[in-house]
Amino acid sequence: MRSNYCGEVSESDIGKEVTLCGWANSYRDHGGVIFIDLRDKAGLVQLVCDPADSQSAHDAATTVRDEFVLIAKGKVRARGEGLENPNMETGKIEIIVDELIIESKSAPLPFVINDEKVGEETLLKYRYLDLRKKSSYESFRLRSKATIAARNILDANGFLEVETPILTKSTPEGARDYLVPSRVHGGEFYALPQSPQLFKQLLMVAGFDKYFQIAKCFRDEDLRADRQPEFTQIDIEMSFADQEDVIKISEDMLKAVFSACGHTIEAPFNRITYAEAMEKYGSDKPDLRYDLAMVDVIDIFANCSNEIFSSIAENKHHNRIKALKVPNGDNIFSKRQMKGFEDYVRKFGASGLGYFQLKEDGLKGPLAKFFEEKDLEEIIKATDLKVGDVIFFGAGEKKLVWDYMGRFRIYLAELMDIIPEGAFEFVWVVDFPMFEVDDGKVKALHHPFTMPRDLDKEYVEEIESIAYDIVLNGTELGGGSVRIHKPEIQKEVFKLLGISDEEAHEKFGFLVEALEYGAPPHAGLAFGLDRLMMLLTNSASIRDVIAFPKTQRAQCQLTQAPSGVDNEQLKELSIRIREQKKA
């Protein structure tokens, strides 16, 4: 229908006849001459409907309102001197309309498009209107470019795109599965995949060598700004490959994706171990765009006369005392603010927060009286304090201290506005523990198919895995590992996790059996495409880069899903709804 897109008409088209299609972005009647800004995916252009040029076009224009769908035919001309609009890419030209067709009308809008004050539920209910914003279109244009770039670089490196099943077997490890009842097999259920993990390993056993997929995944978990019940990941797996091979292709892919989206990034990326990340930043996904690293001072605090700190310092294996230095903090924060910081960390389980200020005459603060002068000097040396610096202390069980001091580090960075805009800081976090112990139960930190470095350790928590995460600006973009390809190792890992032979056979028997038929060493990684695009577009939430997202209560405001179904459907599925007891 069209000869040009609205935003692409330029001065080189002056004098040409064009046919444009789009939506009425705005409407103005200036003394009988009607001006309409017509909008499509490429931008805006001004239509001029003058009865002196075309009475029929002018008559049609008098009935136009916002968001009417129009087809306009006319001639491109230069705007008069002083009438150019520098805020529009097409601001030097306009279209003299000789034919205007109202293709469809719009009902009164529930909100003004581009109004920043509209509530999120309303925007999601009318998502198709919210997506008309130019910023929304740009986000999805970039997402398309990123996906194509990822496909192209993986294809060029010999990867084969394979689709794995959506209806699969429930293996409730980690997050909850979404279950799908079977009509044919009454009382039995499929599960929607949390990831293609098992199938991509089977493809390696099959000899496919290099696999990738832009995969839909589903997890029934509590939602956050960077989580959705259904999400997309770029999934890769390689045979006869180790950690270095996966890291190399991952960096090449990310460079290609960022380049396609207009950014240049340098590789190789920095690397830190899991232990270093936790000890310095209190997080396995540290934001390294700014410093504020923590320092361990538990040995120094063992000498203090405060019984709370000295008792914590007695058990260095399970406890930590961390110092967090803020350069020039004495001139940034008031005493009232510093006391208020204690309220912040208490929200995350801290029992308190100590601090010192380095003055010209030495360390000052509520804790100073508990230390001898030589120990205060040790603190200054260990943390490289300068006059004017403030240092905060967190003490207690190590996981608790890591958590609240890590959060406090981010809180301070945001408060001081020291996070650089537009920076992309990648880091690989490597050498993860294989297991974690929670309430006496051993759990896999990544998943139970991760290759351990060495199972012969005194404590199960000391066993390392060959696992790696890629982190960007404090957000985990993806995670991967070298996989277990030897059935005897896989069985031993199941045993450490408390999974019996019977349970392992029921849940993972098909994988263990496949490993018996000659499995190559293999490794892989999965990137969260939604999270990646959230960071590339500087969006506040992954909901902004998913076309039709769910709310934080996992509901679709547009379609009103989830919803009830009629009794006949339930009967076919051998399901009966039990009435919920009222509280």
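Computed from a predicted structure; not experimentally measured.

*Asks:* With reference to specific residues and values, describe the overall build of the chain.
*Replies:* Helices and strands together make up the secondary structure of the chain, namely 16 helices and 22 strands. The dimensions of the chain, computed from C-alpha atoms along their principal axes, are 95 × 75 × 60 Å. Residue pairs in contact within the chain that sit at least 24 positions apart in sequence constitute 68% of those at least 6 positions apart. Within the structure as shown, the chain displays about 30100 Å² of accessible surface, and the carbon and sulfur contribution to it stands at 48%. Charge centroids of the chain, computed over 74 positive and 98 negative side chains, lie 3 Å from each other.

*Asks:* Describe the sheet that holds strand 13 (residues 319-326), naming the residues involved and giving the relevant values.
*Replies:* Spatially, the five strands line up as an open sheet ordered 12-13-16-14-15, and their pairing is antiparallel. Each edge of the open sheet carries a strand with a single partner, namely strand 12 (294-296) and strand 15 (362-364). Pairs of neighbouring strands in the sheet enclose a mean axial angle of 30°, with direction left out of account.

*Asks:* Tell me about the packing of aromatic side chains, and please be specific about residues and values.
*Replies:* With the rule as written, the count across this model stands at 26 aromatic pairs. When the centroid spacing of 6.4 Å and the interplanar angle of 65° are considered together, the rings of Phe111 and Tyr126 count as edge-to-face. Here Phe111, found in the loop between strand 5 (93-104) and helix 2 (120-125), pairs with Tyr126, found in the loop between helix 2 and helix 3 (127-130); they are 15 residues apart in sequence, far enough to count as distant. We classify Phe111 as buried; its relative accessible area is 8%. Residue Tyr126 is classed as partly exposed on the basis of its relative accessible area, which comes to 23%.

*Asks:* Go over the sheet that holds strand 4 (residues 69-78), please, and point to the residues and values.
*Replies:* Spatially, 1-2-3-5-4 is the arrangement adopted by the five strands of the closed barrel, whose pairing is mixed. Averaged over neighbouring strand pairs, the angle between their axes works out to 55° when direction is ignored. Here seven bridges tie strand 2 (residues 33-40) to strand 3 (residues 43-49), and the two strands are oriented antiparallel to one another. Residue pairing for strand 3: Ile36 is matched across the bridge by Leu47.

*Asks:* Which residues make up the pattern of salt bridges, and what values go with them?
*Replies:* Under the criterion given, the structure shown has 37 salt bridges. Put simply, Arg453 and Glu464 hold a salt bridge, and the shortest N to O gap is 3.3 Å. Of this pair, Arg453 sits in the loop between strand 19 (441-444) and strand 20 (467-472) while Glu464 sits in the loop between strand 19 and strand 20, and the two are eleven residues apart along the sequence. Looking at Arg453, the relative accessible area reads 42%, which means it is partly exposed.

*Asks:* Just give me the short version of unusual backbone geometry, but keep the residues and values in it.
*Replies:* Cis peptide bonds are those with omega within 30 degrees of zero, and the linkage from Ala267 to Pro268 qualifies with 5°. Residue placement: Pro268 occurs in the loop between helix 6 (243-260) and strand 11 (270-273). Here the bond from Ala561 into Pro562 is cis, since omega is 0°, no more than 30 degrees from zero. Mapped onto the secondary structure, Pro562 falls in the loop between helix 15 (529-536) and helix 16 (567-572). Phi is positive for Ala554, close to 60°, though the residue is something other than glycine.

*Asks:* Describe the pairing of strand 4, naming the residues involved and giving the relevant values.
*Replies:* As paired strands, strand 1 (residues 17-30) and strand 4 are joined by seven bridges and run antiparallel to one another. Its bridge partner being in strand 4, Thr19 is matched across the sheet by Lys73. Two elements, strand 4 and strand 5, share ten bridges in a ladder whose sense is antiparallel. Paired with Leu70 across the bridge in strand 5 is Ile102.

*Asks:* Which residues make up helix 13 (residues 487-496), and what values do they have?
*Replies:* Think of an α-helix as turning once every 3.6 residues; residues three or four places apart then point the same way. Within helix 13, burial applies to Pro487, Gln490, Val493 and Phe494. Buried residues of helix 13, viewed axially, fall in a sector of 120°; they line one side. Seen from the buried face of helix 13, the exposed residues on the opposite side, beyond 90 degrees, are Glu488 and Lys495. Looking one or two residues beyond helix 13, the residue adopting positive phi is Gly498, at roughly 75°.

Thresholds, definitions, all that
- Per chain, residues are indexed from 1 in the order of the written sequence.
- A pLDDT threshold of at least 70 governs which residues receive local features in this predicted model, and a stricter bar of 80 or more applies before side-chain atom pairs are shown or counted, although totals over entire chains, interfaces and linings include all residues.
- The basis for every side-chain value is the complete set of heavy atoms in the structure, and neither hydrogens nor water enter the calculation.
- Runs of H or I in DSSP of at least four residues are treated as helices and runs of E of at least two as strands, each being numbered from the N terminus.
- Residue contacts follow a heavy-atom distance rule, with two residues in contact if any of their heavy atoms lie within 4.5 Å.
- What sets the accessible areas is the Shrake-Rupley method with a 1.4 Å probe; for residues, cover comes only from the shown protein chains.
- When charges are counted, Lys and Arg contribute as positive and Asp and Glu as negative, whereas His and the chain ends are disregarded.
- Working definition for charges: the position is that of NZ of Lys, CZ of Arg, CG of Asp or CD of Glu.
- A pair of strands is treated as paired once DSSP finds two or more bridges between them.
- Here the axes come from fitting lines to C-alpha atoms, over the contacting stretch only for helices, and the angles between their N-to-C directions go from 0 to 180 degrees.
- Ring pairs shown here join Phe, Tyr and Trp side chains whose ring centres sit within 6.5 Å, with only the six-membered ring taken for Trp; geometry is labelled stacked below 30 degrees between planes, edge-to-face above 60, and tilted in between.
- The buried label goes to any residue with under 20% of its type's maximum accessible area, the exposed label to any with over 50%, and the partly exposed label to all in between, with areas taken from a 1.4 Å probe on protein chains only.
- The working definition used for a salt bridge is a side-chain nitrogen of Lys or Arg within 4 Å of a carboxyl oxygen of Asp or Glu.
- Note: the arc covers the axis-to-C-beta directions of the helix.

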